[in-house]
Amino acid sequence: MTNIRANKVSFDIKPELSRVFVGGFYTWLRHFHKDKDKLVEAFQHIFDLQYFYVALDGGEVAAMVACTQGYAPIALQRREFTGVLGFLRGNIAYHMLKRHMVRNAYPFKLGRSTGSIEFVATAPEHRNKGIAHDLILYVMGQNPYDSYVLEVADTNAGAVHLYQKLGFREIKRVKAPNPKRSGVNNFLYMRRDMNGD
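Keep in mind it's a predicted model, so treat the numbers as computed, not measured.

**Q** Is there a simple way to think about the nonpolar core in this case?
**A** As a rule of thumb, nonpolar side chains are buried together in soluble globular proteins. In terms of nonpolar packing, the biggest core is built from 34 residues, with Phe21, Phe43, Val54, Met64 and Phe81 touching the most fellow members. Listed by contribution, the elements that provide at least two residues to this core are helix 1 (14–29), helix 2 (36–43), strand 2 (52–57), strand 3 (60–68), helix 3 (78–85), helix 4 (87–102) and strand 4 (114–122). Sorting elements by how many residues they give to this core places helix 1 first, with six residues. Once you skip the residues sitting within four places of it in the chain, phenylalanine 43 turns out to touch Ser18, Phe21, Leu29, Phe81 and Leu97.

Written as structure tokens, this is what we have:
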């Protein structure tokens with residue numbers, strides 16, 4: 001397994017990133033289309049590779065993580081969504097994702113020395129092997145931040161456990177809108193300070 005920044009990979013990695021992203025977030029993305037292949041095609045354009053890191057198993061992405069300073073490491077293009085998903089679904093996907101993934105800032109101020117861990121996903125065939133754990137450690141070792149924050153759904157017990165193992169602790173909890181529809185009761189905000197580790 002090789003950990004590397006996505007923009008240093010020698011092949012077009014966006015289709016692989018999209019495959020892992022759709023697999024990891026399908027529970028939410030399926031509202032836009034049930035066909036995973038269509039979703040993979042629709043989302044290939046969004047990734048800003050300078051912020052993404054991947055664990056590579058040969059030419060396949062086993063896991064992905066992004067690191068920023070609290071902003072989304074993606075760019076959404078409406079034409080890409082409508083071209084693949086159709087006019088109605090494409091526009092719904094574009095507007096909902098823009099509201100929830102691009103404009104959705106943290107509910108607290110991030111200092112200059114705080115990085116944010118975003119878009120953590122592991123391909124199904126590589127789960128429960130410690131790959132995401134090692135990749136997040138790699139990312140934190142490659143960036144100069146004194147602390148890191150992240151957001152996770154309270155119902156994603158596996159992810160919460162992973163972050164706790166990595167030394168993240170809950171610092172804030174925000175009630176999720178429409179919990180019955182989304183399956184999420186609260187969004188947990190977690191933090192790890194590097195200088196104490």
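This is not the end of the story, as more comes after the structure.
**Q** Please clarify how the environment of leucine 137 should be interpreted in this entry.
**A** Its place among the elements puts leucine 137 in helix 5 (residues 131–142). Given a relative accessible area of 37%, leucine 137 falls into the partly exposed group.

**Q** Mind showing me how you'd approach the pairing of strand 4 here?
**A** Regular strands place side chains that alternate from one sheet face to the opposite one. Here strand 4 lies mainly inside the structure; nine of its nine residues are buried. Sheet topology places strand 3 next to strand 4; five bridges connect them, and they run antiparallel. In the sheet register, cysteine 67 faces strand 4, and the bridge partner there is isoleucine 117. Where strand 4 lies against strand 5 (residues 147–153), four bridges are found, and the strand directions are parallel. Its bridge partner lying in strand 5, serine 116 is registered against valine 149. In terms of handedness, the path from strand 4 via helix 5 over to strand 5 forms a crossover that is right-handed.

**Q** Help me understand the packing of helix 1 against helix 2 in this model?
**A** When two helices pack together, their arrangement is captured by the angle between the axes and the distance separating the axes. At a closest axis distance of 9 Å, the pairing of helix 1 and helix 2 adopts a crossing angle of 120 degrees. Comparing the axis directions of helix 1 and helix 2 gives the class oblique. Here the hand of the crossing between helix 1 and helix 2 comes out right-handed. Listed contacts from helix 2 to Pro15, Ser18, Arg19, Phe21, Val22, Tyr26 and Leu29 of helix 1 are Lys36, Leu39, Val40 and Phe43.

About the thresholds
- Residues numbered from 1 in each chain as written.
- Predicted model: local features only at pLDDT ≥ 70, side-chain atom pairs only at ≥ 80, totals over all residues.
- Heavy atoms only, no water.
- Core = buried A, V, L, I, M, F, W, Y, C linked by side-chain atoms within 4.5 Å.
- Buried < 20%, exposed > 50% of the residue type's maximum accessible area, 1.4 Å probe, protein only.
- Helix = DSSP H or I, 4+ residues; strand = E, 2+ residues; numbered from the N terminus.
- Contact = heavy atoms within 4.5 Å.
- Pairing = 2+ DSSP bridges.
- Right-handed = clockwise from strand over helix to strand, strands pointing away.
- Axes fitted to C-alpha atoms, helices over the stretch in contact; angles between N-to-C directions.
- Parallel < 35°, antiparallel > 145°, perpendicular 65-115°, else oblique.
- Left-handed = near helix turned anticlockwise from the far one by under 90°.

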